[in-house]
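A closer look at the structure
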Amino acid sequence: MRTVTVAAVFVLLVAGCSRFHASVVDEIRHRGELRVVTLNLPTCYYLGAQAPEGLEYELASLFAAQLGVKLTIYPVANESALQAELGAGRADIAAASLTSTPAWERVGVPALPYTLIPQLVVYGHDGVRPRDTLQLESARIAVRDGSPQERVLEHLKSTVAPRLTWVQTAPSSADPVEDVDSGQADYAISDAREFSFAHHLYPNVQVGFALPQARPAQWLVRRGAPELLSAVNSFFHSLQTSGQLATLLQESSGDTRTFAYEESREFQGNVAARLPLYRAWFEQAATQTGTDWRLLAALGYQESKWDPHAHSADGALGVMMLTADTAQAMGIKDRGNPQQSIYAGARYLAQVRQMIPERVAEPDRTWLMAAAYNVGFGHLEDARIITQAQGKDPDSWADVRERLPLLAQERWYGHAKRGYARGWEPVQFVDRIQRFLTLLEWQPGEAAPATTHDAPAANPPNPATATTSAARTDTPAASATASPVAPRAQGSGVAH
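Residues numbered from 1 in each chain as written. Predicted model: local features only at pLDDT ≥ 70, side-chain atom pairs only at ≥ 80, totals over all residues. Heavy atoms only, no water.

**Notes on the overall build of the protein chain**
To keep things clear, this is the line we draw: Labels follow the DSSP assignment, with helices taken as runs of H or I lasting at least four residues and strands as runs of E lasting at least two, numbered in each case from the N terminus. Each residue is placed in one exposure class: buried if its accessible area under a 1.4 Å probe, protein chains only, is under 20% of its type's maximum, exposed if it is over 50%, and partly exposed if it falls in between. Throughout, a residue-residue contact means that at least one pair of heavy atoms, one from each residue, lies within 4.5 Å. Here the accessible surface of atoms and residues is derived via Shrake-Rupley with a 1.4 Å probe, and residues count as covered only by protein chains that are part of the display.
When its secondary structure is counted, the protein chain shows 21 helices and 13 strands. Looking at the protein chain as a whole, 54% of its 496 residues qualify as buried. Within the protein chain, contacts between residues separated by at least 24 positions form 74% of all contacts whose residues are at least 6 apart in sequence. Summed over all atoms, the accessible surface of the protein chain reaches about 21500 Å², with 53% contributed by carbon and sulfur.

**Structural notes on the environment of Gln149**
If you trace the backbone, Gln149 turns up in helix α6 (residues 148-159). For Gln149, a relative accessible area of 6% translates into the label buried. Taking the C-alpha atoms as reference points, Gln149 and Asp191, 42 residues apart in sequence, are found 7.6 Å from one another. In this structure Gln149 touches Gln119, Val143, Ile189, Ser190, Asp191 and Arg215, once residues within four positions along its chain are discounted.

**Observations regarding the environment of Gly32**
Positionally, Gly32 belongs in the loop between α2 (23-31) and β1 (33-39). Each C-alpha atom, one on Gly32 and one on Gly68, is 7.6 Å from the other, the two residues being 36 residues apart in sequence. Residue contacts for Gly32: discarding those within four places in its chain leaves Val69 and Lys70.

**Quick notes on the packing of helix α15 (residues 338-355) against helix α16 (residues 364-375)**
Here is the rule we go by: Throughout, an axis means a line fitted to C-alpha atoms (over the contacting stretch in the case of helices), and angles, computed between N-to-C directions, take values from 0 to 180 degrees. What makes a crossing left-handed is the near helix being turned counterclockwise from the far one by less than a right angle; a clockwise turn instead makes it right-handed. When residues are grouped by polarity, Ala, Val, Leu, Ile, Met, Phe, Trp, Tyr, Cys and Pro land in nonpolar, Asp, Glu, Lys and Arg in charged, and all others, Gly among them, in polar.
Following both chains from N to C, one finds α15 and α16 inclined at 115 degrees, their axes separated by 9 Å at the closest point. Crossing hand, α15 versus α16: right-handed. Each of Gly345, Tyr348, Leu349, Val352, Arg353 and Gln354 in α15 lies in contact with α16, whose residues at this interface are Arg365, Thr366, Met369, Ala372 and Tyr373. Considered class by class, the residues forming the contact of α15 with α16 number six nonpolar, three polar and two charged.

**Quick word on the pattern of salt bridges**
Rules: Definition used for salt bridges: Asp or Glu carboxyl oxygen within 4 Å of a side-chain nitrogen of Lys or Arg.
One pass over the full model with this rule turns up 22 salt bridges. Of the charged contacts in the structure, one is a salt bridge between Glu27 and Arg222, with a shortest N-O distance of 3.3 Å. Within this pair, whereas Glu27 is found in helix α2, its partner Arg222 is found in strand β13 (residues 215-222), the two being separated by 195 residues in sequence. You can call Glu27 partly exposed: its relative accessible area is 37%. Between Arg279 and Glu283 there is a salt bridge, with its nearest N and O atoms 2.7 Å apart. You can see Arg279 and its partner Glu283 sitting in helix α12 (residues 275-289), four residues apart, about one turn around the helix.

**Digging into the pairing of β1**
Residues in a regular strand point their side chains to alternate faces of the sheet. Here is the rule we go by: A strand pair is defined by DSSP finding two or more bridges across the two strands.
Of all seven residues making up β1, six are buried, and the element is well covered by its neighbours. Alignment of β1 against strand β5 (residues 93-98), held across two bridges, turns out to be parallel. Paired with Val36 across the bridge in β5 is Ile93.

**So, the sheet that holds strand β11 (residues 187-191)**
Pairing is mixed in the open sheet, where five strands are placed in the order β10-β9-β11-β8-β12. Single-partner strands in this sheet number two, and they are β10 (167-169) and β12 (205-210). The sheet shows a mean angle of 40 degrees between the axes of neighbouring strands, direction not considered. Pairing between strand β9 (residues 141-144) and β10: three bridges, direction parallel.

**Description of unusual backbone geometry**
A cis amide bond, omega 5 degrees, links Glu362 with the succeeding residue Pro363. Mapping Pro363 onto the fold places it in the loop between α15 and α16. Phi is positive for Trp306, close to 60 degrees, though the residue is something other than glycine.

**Regarding the packing of aromatic side chains**
Note the following rule: Any Phe, Tyr or Trp ring, taking Trp's six-membered ring, that has another such ring centre within 6.5 Å forms a pair; planes under 30 degrees apart are called stacked, those over 60 apart edge-to-face, and the others tilted.
Applying the stated criterion across every chain, the model contains 17 aromatic pairs. Judged by centre distance (5.0 Å) and plane angle (10 degrees), the ring pair of Tyr114 and Phe236 falls under stacked. Remark: Phe236 occurs in helix α9 (residues 226-242) and Tyr114 occurs in the loop between β6 (108-110) and β7 (115-117); sequence separation between them is 122 residues. The class of Tyr114 is buried, set by a relative accessible area of 3%. Each member of the aromatic cluster is reached from another via a ring pair, and the members are Phe63, Tyr114, Trp219, Phe235 and Phe236.

**Thoughts on the confidence of the model for the protein chain**
Detailed reading of the predicted coordinates is not advisable wherever pLDDT is low. Note the following rule: pLDDT is defined as a per-residue confidence score from the predictor, taking values between 0 and 100.
Confidence along the protein chain averages 83 in pLDDT terms, with 81% of residues attaining 70 or more. The least confident element of the protein chain is helix α21 (residues 476-479), whose mean pLDDT is 34; the most confident is β6, at 98. In this model, residues 11-21 is a region of pLDDT below 50 whose contacts with residues beyond four sequence positions or in other chains number 17 contacts. Low pLDDT, under 50, characterises residues 257-262; the predicted model gives this stretch 27 contacts beyond four residues in sequence or across chains.

**Some details on helix α20 (residues 424-441)**
Selection criterion: Each helix should span, by expectation, one fewer than its residue count multiplied by 1.5 Å.
Taking 1.5 Å per residue as the helical rise, α20 with its 18 residues ought to reach 26 Å, and the 26 Å between its terminal C-alpha atoms agrees with that figure. Summarising burial for α20: 13 of the 18 residues are buried, a large majority.

**Points about the nonpolar core**
Operational definition: Nonpolar core, defined: a set of buried Ala, Val, Leu, Ile, Met, Phe, Trp, Tyr and Cys residues in which side-chain atoms within 4.5 Å join the residues together.
Counting 60 residues, the largest nonpolar core has Phe282 and Trp306 as the members making the most contacts within it. Of all the secondary-structure elements, those providing two or more residues to this core are α11 (264-273), α12, α13 (293-304), α15, α16, α17 (377-389), α18 (397-403) and α20. Look past the residues within four positions of Phe282 in its chain and what remains in contact with it is Leu275, Trp293, Leu296, Ala297, Trp306, Val319, Met320 and Ile342. By size, the runner-up hydrophobic cluster in this structure holds 47 residues, among which are Val25, Val36, Tyr45 and Ala64.

**Here we look at the pairing of strand β8 (residues 119-124)**
In terms of residue burial, β8 counts as a mostly covered element, since six of its six residues are buried. Pairing geometry for β8 and β12, over five bridges, is antiparallel. Opposite Val122, over in β12, you have Val207 as the bridge partner.

**Looking at the packing of α13 against α20**
Note the following rule: Any angle that falls under 35 degrees is termed roughly parallel, while one over 145 is termed roughly antiparallel, one within 65 to 115 roughly perpendicular, and all others oblique.
Put simply, α13 and α20 touch, their axes get as near as 8 Å, and they point 125 degrees apart. By the criterion of interaxial angle, the relationship of α13 to α20 is oblique. Remark: the crossing between α13 and α20 carries right-handed chirality. When α13 is examined against α20, the residues Arg294, Leu295, Ala297, Ala298, Leu299, Tyr301, Gln302 and Glu303 are found in contact with a partner set consisting of Phe429, Arg432, Ile433, Phe436, Leu437, Leu440 and Glu441. In terms of residue class, the contact of α13 with α20 is built from ten nonpolar, one polar and four charged.

Given below as structure tokens:
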């Protein structure tokens, strides 16, 4: 069978969609709002430290900007709820890494696929590695009920593997990959994009092979809107032609935002070459905010390796990797100015610290503060609530640290106020800051409190540019609305 690429499909079909009608696109422009319904998933949409993130959010934002309107994007519980929103006309587009089915085509019209997602057969590290489809016939396979992966298995059963069977995991239950990790299943079928996030949670689960048929991902447009469908198809064709779509797909993967900084070996070189340029500013900012300058410096190194030109894919930049919103809230205009960045980062960190309950003792208070700096105070509070619900201490970093990754598991984030979070990232973030802080404390002459130095020159030499993938910081105003852990009564571990 001849393979037709996504690019070829775009070229062939978009040509037939070039004639634009006026009604629905004009209606959207008139109301000034594009309405998109999605799912709260790492591959689609979730609340980051200070703003929504996820591939579908990024794509929808770009499309709304192209139309010249604001984006209203909202998550619902499941695929059935997505279909209900689109069928009722409350949403213009359903965008959630979807694949068209007869059920979808009753309520919407599929746009052209914007990517093809490999379907991976995954297995436990101690199990037998699967290598071909027929090997699956005699295995225990876990798949989520009603998922695209179940439809892939149904296709395989009807074509090449008639004896294939599987166990359905209810949508509200455990991830099929978790079933493999726990030994309840030999194999699971997982989207490659989903697995790029899941392997952080289940490092013992590995990829056996990819099934022959990849799954197309596409948007569904509400019925009666041919001009909107044409606009969507043209939008994706333009993104693909420019290469921007490939970049977005890569940047939104769970593999690209891990904290992959080189540590001790490179750190010592930067202590000698870069830290002297900015140390006095770290010390002055620490004096102003009552923070150990070495903690500020360790955080700055984790964020940028002390590079004022560092930037991340999601718009953070500078020594302290501040977003534009956080910089504005802290009253600075030039995030690339290292002095402004360091002072603003220190002020922001001090504000985050004030949000941690006063009863929390050191060093737990510092590590909870650092985690909130990375993931957002609201997500930290969700993890503390889970910690307390499990009978552990929400004021203990060790206890909260174990439960932050649960915010990436549906059965936990589905009940959390702020929903999904890459909960492993703040854990890695704090671990690295602790190591960098220790290395700074071990530097010659650093056993005693630091003395005050003259301020550095206004324009110190710039280190080599480094592009980082640090997570964005959070604005206290945005995160203060999260549900707090209630102060505990004396001698009690129960929140009321």
